[in-house]
Amino acid sequence: MASIELADLTKRFDDVTAVDGIDLEVRDGEFLVVVGPSGCGKSTTLRCIAGLESPTDGRIRIGDEDVTAQEPHERDIAMVFQNYALYPHMTAERNMTFGMQSATDFSSEEIDQRVAEAAETLDIADLLDRTPSALSGGEQQRVALGRAIVRDPAVFLMDEPLSNLDAKLRVQMRTELSRLHEELGTTTVYVTHDQTEAMTLGDRVVVMNDGRIQQVDTPQRLYDYPSNRFVAEFIGDPAMNMLEVTVEDGPSGPIVRHEAFTIEVPDAPELEGLDGDRAVLGFRPEDASLADRDAAAGGGADAPDRRQTGRGDPERTTGPIEATVQVTEPLGDTLLCYCRAGEDEFKVQTAPRTGRAAGDGVTLTLDADRLHLFDPETGEAIY
Ligand code: ATP
């Protein structure tokens, strides 16, 4: 096993800067997921670690070794690709072992032993004699994982390994990958554009955009404390609501003024002195609760989801905000209400079967400990 260190890693293709000066440390034994939109530079970062691309600038260390100038086969890594990259004319077993004896010090007995163990772990012992055309997509991906496992490398590098599988199999393989990591504990860097995969698999998650790291954190902290607007909107589905507001000093602390409402943000020293500054208010659809407009204050019909985040007293709410339901989307376990206040529309996630419908006048309260404010120019979180 080994840690990985990227220092000022940069990769340019002509006039495209795919990776723009990344500093990152992957801890020994960690499952680190790199997530971001298409073209943000995730695969290029991974390919640089693998040695399949040579960096324009910067250094890469694996364990104690600077591998920046090393060929891929000199690095103690195994890569798993989206398209499995199996040889079509070879059996599953041959695919798993191909090139091993010449490239490693393993004897053929050791290799047989490792294949048997990997096949057992991945439940493919019965498939070892088949060629890829006789295997399903999920089985091919297991063989590709098996090929990585038998090499027992210091590092696994995985580039969207589940994205060719159907939704159900993807969920199943996700669980298996977690189990595999528990069992083997191999340092893993896993690239995906799928935030659910990132959140469920990663010990820590790196969010990238435009070749740069936006934030590195545990899944829950990314969700609760996004460091900027990009991360706030990228992580979470349905996405965080964003409304333009002004921050003001109120009589008993900072207040946030929207064209259609004013809310108090108690105990927010970060906001003191911003009197009159524009900001973007962010709140997640599940951090608001709805009541009928004429219901007694605090007696809302839908209980808010109050998650303890350590940010303060979870019982505090702010509002009320008067809004009108525009559209509802029943999602089975929740009812998503698109509400309007002034010119702005935002989503509120409520309990299902409440009978809420378009045209309803509602009163909204927000969980004061779960509000976010972002700088309108830089997008950086200010609260
Ligand atoms: P995706 O999820 O779509 O695979 P990604 O985040 O993995 O995207 P990269 O594949 O790393 O992104 O690409 C980052 C940028 O570098 C993109 O603009 C891409 O077009 C460009 N790029 C990648 N490889 C090459 C190449 N070999 N030649 C020229 N440009 C490249």
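In this text, all values refer to a predicted model and were calculated from it rather than measured experimentally.

1. Considerations on the site of the ligand
The environment of the ligand is made up of Phe13, Val16, Ala18, Gly36, Ser38, Gly39, Cys40, Gly41, Lys42, Ser43, Thr44 and His193. Breaking the shell around the ligand down by element, the ones donating at least two residues are β2 (16-26) and α1 (42-50). Here the shell around the ligand takes three residues from α1, the largest share from any one element. Partitioning the shell around the ligand into residue classes produces four nonpolar, seven polar and one charged.

2. Brief notes about the packing of helix α4 (residues 108-122) against helix α5 (residues 137-150)
Two elements in contact, α4 and α5, have axes whose closest approach is 9 Å; the angle formed by their N-to-C orientations is 135 degrees. As the angle between them shows, α4 and α5 are arranged oblique. Of the two possible hands of crossing, α4 and α5 adopt the one that is right-handed. Contacts between α4 and α5 pair Ile111, Arg114, Val115, Ala118, Ala119, Thr121 and Leu122 from the former with Arg142, Leu145, Gly146, Ile149 and Val150 from the latter. Looking at the contact of α4 with α5, its residues break down into eight nonpolar, two polar and two charged.

3. Remarks on the domain arrangement of the protein chain
Under the domain assignment used here, the protein chain contains domain 1 (4-234) and domain 2 (241-296 + 315-374). The distance between the C-alpha centroids of domain 1 and domain 2 comes to 40 Å. Every contact between the two is made by five residues of domain 1 and, on the other side, five residues of domain 2. A breakdown of the residues in the side of domain 1 that touches domain 2 according to their chemical character gives two nonpolar, one polar and two charged.

4. Examining the sheet that holds strand β15 (residues 288-292)
The strands making up a sheet are joined through hydrogen bonds of the backbone, oriented either antiparallel or parallel. Here five strands make up an open sheet; going across it, the order is β15-β19-β16-β17-β18 and the pairing antiparallel. The two strands at the open ends of the sheet, each matched to only one other strand, are β15 and β18 (344-350). Between one strand and the next, the sheet's axes are offset by a mean angle of 45 degrees, whatever the strand orientation. Here six bridges tie strand β16 (residues 317-330) to strand β19 (residues 361-367), and the two strands are oriented antiparallel to one another. Among the inter-strand pairings, Ile321 is bridged to a residue of β19, identified as Leu364.

5. Some words on helix α6 (residues 167-184)
Here α6 contains 18 residues, and its C-alpha end-to-end distance of 26 Å stays within 8% of the 26 Å for a straight helix at 1.5 Å per residue. Those residues of α6 not exposed but buried are Met173, Leu177 and Leu180. In a view along the axis of α6, the buried residues occupy a sector of 65 degrees, so they form one face of it. Relative to its buried face, α6 has exposed residues pointing more than 90 degrees away, namely Ala167, Lys168, Thr175, Arg179 and Glu182. Buried-residue contacts for α6 involve α4, α5 and α7 (195-201).

6. Notes on the nonpolar core
In this structure, Leu157, Val189, Val207 and Leu364 are the most contacted members of the largest nonpolar core, which totals 97 residues. Considering every element that reaches this core, the biggest residue donor is α5, with six residues. Of the domains in this structure, domain 1 (4-234) and domain 2 (241-296 + 315-374) are the two that each give at least three residues to this core. Excluding residues within four positions of it along the chain, Val189 makes contact with Ile4, Val26, Leu32, Val34, Leu46, Ile49 and Leu157.

7. Some details on α4
End to end, α4 covers 21 Å across 15 residues, agreeing with the expected 21 Å (1.5 Å per residue, within 8%). For α4, the full list of buried residues reads Val115, Ala118, Ala119 and Leu122. The buried residues of α4 occupy one face: seen down the axis, they fall within an arc of 100 degrees. For α4, the exposed residues lying more than 90 degrees away from the buried face are Glu109 and Glu120. Where α4 is buried, its residues contact α2 (92-97) and α5. Within two residues after α4, Asp123 carries a phi angle of roughly 60 degrees, on the positive side.

8. Topic: the pairing of strand β14 (residues 277-283)
Where strand β11 (residues 241-250) and β14 come together, seven bridges link them in antiparallel fashion. Residue pairing in the sheet places Asn241 in a bridge with Phe283 of β14. Looking at chain direction, β14 and strand β20 (residues 372-374) are connected through three bridges and run antiparallel. Following the sheet pairing, Gly282 is matched in β20 by His372.

The rules behind each value
- Residues numbered from 1 in each chain as written.
- Predicted model: local features only at pLDDT ≥ 70, side-chain atom pairs only at ≥ 80, totals over all residues.
- Near = placed C-beta within 6 Å.
- Helix = DSSP H or I, 4+ residues; strand = E, 2+ residues; numbered from the N terminus.
- Nonpolar A, V, L, I, M, F, W, Y, C, P; charged D, E, K, R; others polar.
- Axes fitted to C-alpha atoms, helices over the stretch in contact; angles between N-to-C directions.
- Parallel < 35°, antiparallel > 145°, perpendicular 65-115°, else oblique.
- Left-handed = near helix turned anticlockwise from the far one by under 90°.
- Contact = placed C-beta atoms within 7 Å.
- Domains from an automatic or database assignment.
- Pairing = 2+ DSSP bridges.
- Expected span 1.5 Å × (residues − 1).
- Buried ≥ 20, exposed ≤ 12 C-beta atoms within 10 Å, placed from the backbone.
- Arc of directions from axis to C-beta.
- Core = buried A, V, L, I, M, F, W, Y, C linked by C-beta atoms within 7 Å.

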